[in-house]
Amino acid sequence: MPFTPKKHGFNASVNEVTLGTGDKAVTFGGESTFPFYSFDAEAKHRPIIGAEISDLGYDDETEGYKAFFGAADVVERAKKAAAMDEVAFICLHFAAADPFGANKSTEDCIAEAKAVADAIDKPLVIMGCKNIDKDTELFTKISEALAGKNITVMSAREESYKAIGASAGLAYGQKVSAESAVDINLAKQLNVLLMQLGVSPKSMIMNLGSAAAGYGYEYVVSTMDRVRAAALGQNDTQLQMPTITPVSTETWVVKESIAEEADLPDWGPREERGIDMEVTTAAASLAAGSDAVILKHPESIRTIYAMIDSLC
Amino acid sequence: MAKFITIGERIHCISPTIRKAMDEKDPAPILKRAKEQIDAGATYLDVNIGPAESNGPELMTWAVKLLQENFDNVPLAFDTANMKAIEAGIQVYNRAKGKPIVNSADAGDRIEYLDLAAANDAICVALCSKAGVPSDNDERMSYMMELLERGMGLGMDPLDMWFDPLFLVIKGMQDKQMDVLEFIRQIAEQGLNSTGGLSNNSNGMPKHIRPIMDSAMVAMAMMCGLTSAIVNPCDLRLMETIKSCDIIKNNNLYADSYLEI
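Residues numbered from 1 in each chain as written. Chains lettered and ligands numbered in written order. Predicted model: local features only at pLDDT ≥ 70, side-chain atom pairs only at ≥ 80, totals over all residues. Heavy atoms only, no water.

Observations concerning the overall build of chain B
Along the backbone of chain B there are 10 helices and 8 strands. Its C-alpha radius of gyration of 18 Å places chain B within 12% of the 18 Å reference for a compact globule of 261 residues. Within chain B, buried positions represent 53% of all 261 residues. In chain B, the share of contacts with a sequence separation of at least 24, taken over all contacts with a separation of at least 6, comes to 66%. Where the 25 positive side-chain charges of chain B centre and where its 36 negative ones centre are 5 Å apart. (Helix = DSSP H or I, 4+ residues; strand = E, 2+ residues; numbered from the N terminus. Rg over C-alpha atoms; globule rule 2.2 N^0.38 Å. Buried < 20%, exposed > 50% of the residue type's maximum accessible area, 1.4 Å probe, protein only. Contact = heavy atoms within 4.5 Å. Lys, Arg positive; Asp, Glu negative; His and termini not counted. Charge placed at Lys NZ, Arg CZ, Asp CG, Glu CD.)

Concerning a negative patch on the surface
Residue and element names in this part refer to chain A. The grouping of Glu107, Asp108, Asp133 and Glu137 at the surface amounts to a negative patch. Of all the elements in the fold, those that place two or more residues in the negative patch are helix 3 (106-119) and helix 4 (132-145). Inspection of the secondary structure assignment puts Asp133 in helix 4. (Patch = residues over 30% accessible without salt bridge, like charges linked within 9 Å, V, L, I, M, F, W, Y side chains within 5 Å. Areas by Shrake-Rupley, 256 points an atom, 1.4 Å probe, with all protein chains shown as cover. Salt bridge = Lys/Arg side-chain N within 4 Å of Asp/Glu carboxyl O.)

Focus on the interface of chain A and chain B
Often, the extent of an interface is quoted as the loss of accessible area upon association of its parts. Between chain A and chain B, the residue contacts involve 11 residues of the former and 11 residues of the latter. Overall, the association of chain A and chain B removes approximately 910 Å² of surface from exposure, summing both partners, and the carbon and sulfur fraction of that is 49%. In this structure, the connection of chain A to chain B is made through 0 salt bridges. Of the residues assigned to the side of chain A that touches chain B, the class counts are 4 nonpolar, 5 polar and 2 charged. (Buried area = accessible area lost by both parts, 1.4 Å probe. Nonpolar A, V, L, I, M, F, W, Y, C, P; charged D, E, K, R; others polar.)

Some thoughts on the packing of aromatic side chains
Residues and elements named next belong to chain A. Evaluated as defined, the whole model comprises 9 aromatic pairs over all chains. Note on Phe10 and Phe34: the rings are 5.7 Å apart at their centroids and 80 degrees apart in plane angle, and the pair reads as edge-to-face. Pair noted here: Phe10 is in the segment before strand 1 (16-19) and Phe34 is in the loop between strand 2 (26-29) and strand 3 (48-54), with a separation of 24 residues, a long-range link. With centroids separated by 4.6 Å and ring planes inclined at 45 degrees, the aromatic side chains of Tyr65 and Phe69 adopt a geometry described as tilted. In this pair, Tyr65 and Phe69 both sit in helix 1 (residues 63-69), 4 residues apart, roughly one turn of the helix. Owing to a relative accessible area of 1%, Tyr65 belongs among the buried residues under this scheme. A relative accessible area of 2% places Phe69 in the buried class. Members of the aromatic cluster, joined through ring pairs, are Phe10, Phe34, Tyr37 and Phe39. (Phe/Tyr/Trp six-rings, centres within 6.5 Å; stacked < 30°, edge-to-face > 60°.)

Structural notes on the sheet that holds strand 8 (residues 228-231) of chain B
Residue and element names in this part refer to chain B. Taking strand neighbours across the sheet as the criterion, the 8 strands line up as 7-6-5-4-3-2-1-8 in an open arrangement whose pairing is parallel. Two strands lie at the open edges of the sheet, namely strand 7 (193-194) and strand 8, each paired on one side alone. In this sheet, strand 8 lies alongside strand 1 (residues 5-12) in parallel orientation, the contact comprising 4 bridges. Looking at strand 8, one finds that Thr6 is bridged to Ala229. (Pairing = 2+ DSSP bridges.)

Some points on the sheet that holds strand 7 (residues 175-179) of chain A
Residue and element names in this part refer to chain A. Taken in spatial order, the 8 strands of this open sheet run 8-7-6-5-4-3-10-9, and their pairing is parallel. With one partner strand each, in any of the chains shown, strand 8 (204-207) and strand 9 (244-246) form the two edges of the open sheet. Averaged over all pairs of adjacent strands, the angle between their axes in this sheet comes to 25 degrees, without regard to strand direction. Strand direction decides the pairing type here: strand 9 and strand 10 (residues 292-295), joined by 3 bridges, are parallel. Bridging across to strand 10, Pro246 finds its partner in Ile294. Across the face of the sheet, helix 4 comes into contact with strand 5 (124-127) and strand 6 (152-156) while running at roughly 160 degrees to strand 6. Those strands touched by helix 11 (residues 298-311) are strand 3 and strand 10, and its axis lies near 170 degrees from that of strand 3. (Axes fitted to C-alpha atoms, helices over the stretch in contact; angles between N-to-C directions.)

A look at the pairing of strand 6 (residues 161-164) of chain B
All names here are of chain B. Side chains Met161 and Phe163 project from strand 6 onto one buried face, and the interleaved Trp162 and Asp164 project onto a second face that is buried too. Sheet analysis places strand 5 (residues 123-127) next to strand 6, joined by 4 bridges and oriented parallel. Paired with Leu127 across the bridge in strand 6 is Asp164. Crossover connection from strand 5 via helix 6 (residues 137-153) to parallel strand 6: handedness right-handed. (Right-handed = clockwise from strand over helix to strand, strands pointing away.)

What to know about the layout of surface pockets
Residue and element names in this part refer to chain B. One number sums up the size of the second largest pocket: a volume of about 950 Å³. Along the wall of the second largest pocket there are 32 residues; nearest its centre are Glu9, His12, Ser199, Asn200 and Ile230. Taken together, the residues that form the lining of the second largest pocket break down as 10 nonpolar, 11 polar and 11 charged. (1 Å grid on protein atoms, 1.4 Å probe; cavity = no way out; pocket = protein on both sides within 12 Å on 5 of 7 lines; lining within 4 Å. Points joined across faces, edges and corners; volume = space filled by probe spheres on them.)

Let's talk about the side chain of Glu86(A)
Here Glu86(A) is to be found in the loop between helix 2 (74-82) and strand 4 (89-93). Other than its neighbours up to four places away in sequence, Glu86(A) contacts Ile49(A), Ile301(A), Arg302(A) and Tyr305(A).

Digging into empty space enclosed by the protein
Under the counting rule described, the total for this entry stands at 2 cavities of 30 Å³ or more. Volume-wise, the largest cavity comes out at about 80 Å³. Along its surface, the largest cavity is lined by 15 residues, and Val227(A), Arg228(A), Met241(A), Thr243(A) and Gly289(A) are the ones closest to its centre. Ranked by residues supplied to the lining of the largest cavity, first place goes to helix 7 (residues 217-233) of chain A with 4 residues. For the lining of the largest cavity, the residue count by class is 10 nonpolar, 3 polar and 2 charged. The volume enclosed by the second largest cavity comes to roughly 30 Å³. As for the second largest cavity, its lining consists of Val133(B), Pro134(B), Ser135(B), Arg140(B), Leu168(B), Lys176(B) and Asp179(B). Looking at the lining of the second largest cavity residue by residue, the classes come out as 3 nonpolar, 1 polar and 3 charged.

Here it is as structure tokens:
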């Protein structure tokens, strides 16, 4: 008897969310199956890749990275990354804004965000420095300065969702990413709170938290998996936002990616290791249900794009 | 598992306010009661227009349009002795938020309500009784089988028959309560859906007692597998109990705000 596969459809789907404006605006989400289950139903949109451009640490980047980008200038790097077909959006990372670090001023960050937004036609995602107060100020003011650009700020957290939701989400009509730290109940709670504030679920994205593969990463997979199961299986409208996962910020800081070959000759070239960590983590995140991943190294971006391309 | 479905019972022509509003086609009192129930978390609204012998179809059409136009196509249960009124209501019913419910058929005089539901691709509340209260669960089961066979013979999805075990009044039939719960378990074991007029159990009890007894009953019934109930959604204690049971049963993912959503 021939094998007849039984399709497992859901009467629910992940929300579709559009980032950016104009010809290069990108819509993602919309799935009604588990990740890459194209045998159950065709995915409306493929997962997408964002390129992280950080304003800090260019000198410490790998040779391959520097060879691709050529110079430290943030705007020039954003342009080069945006020119890659594999890249759907640019994630401008203001790591230098940290008041306990380089403490770059909010005004300088705004000016840089504007310069990048003017230089590229792909959607822009703004990533902060993880300092709640500084990030809240950055997101609010950059949202105002780039009103109408449909940017995304990442991320609104439990401590900051009110100010960021009210400014970026409500006043300036930008997209808000809700960040929780690998905690499914908190992820839902944060979405509920943002929605109670009046932010439309169509303006929301989730950052469920991440880790580098091998660093407690199984919790990330389990969380993403259960979020997708609740979104589809229970038609839980509070968890149907598409998921965006910052990968590069996790993987390029662990010892596998920073230890020099001179110190650990057995481990081989640092750049290869870093790319491997980034690719492995990104592939696992996509397989667990991320609708978008943020990567840094051009080689990782190309590799993950090829994976998505062959599975979709 | 799907979340527990509540059918709000407060649009009922036994209420003088609603009766008057239906007689005079006055939308305000009906919209007010609908809003209260939806805000309190009702999934479906029951629309009971009574026997409505003279103007049933016209009245039901008016009520369906009124409620669905004002409340984003809220799903409805049609509750009247006038079958033509149910048909007329379904004609203008928008299914965007769920199939209509025919309330209700039994294995006796009201068995044709099942035919009506089948012909109109509706859900049907199916009372496991014929004439009066079934004496035991064997009797309930035989009526349930009768209804199930008839419905399936008419092409209905078995999950569209929501079997009603008949909740019984505790003051008078206290010794039968565990039978009702056991029967709910039997329905659930067959993978079928169930519903019922939950507050029957607390009939005749003081007003302040009823929410407590109804909450205890719904929790025990959900443990046995009850999938839906016809309730007063404005009973906060009851709704909080249902939402909490949905969490414990893993029908809904926990978040600190679960009672507010």
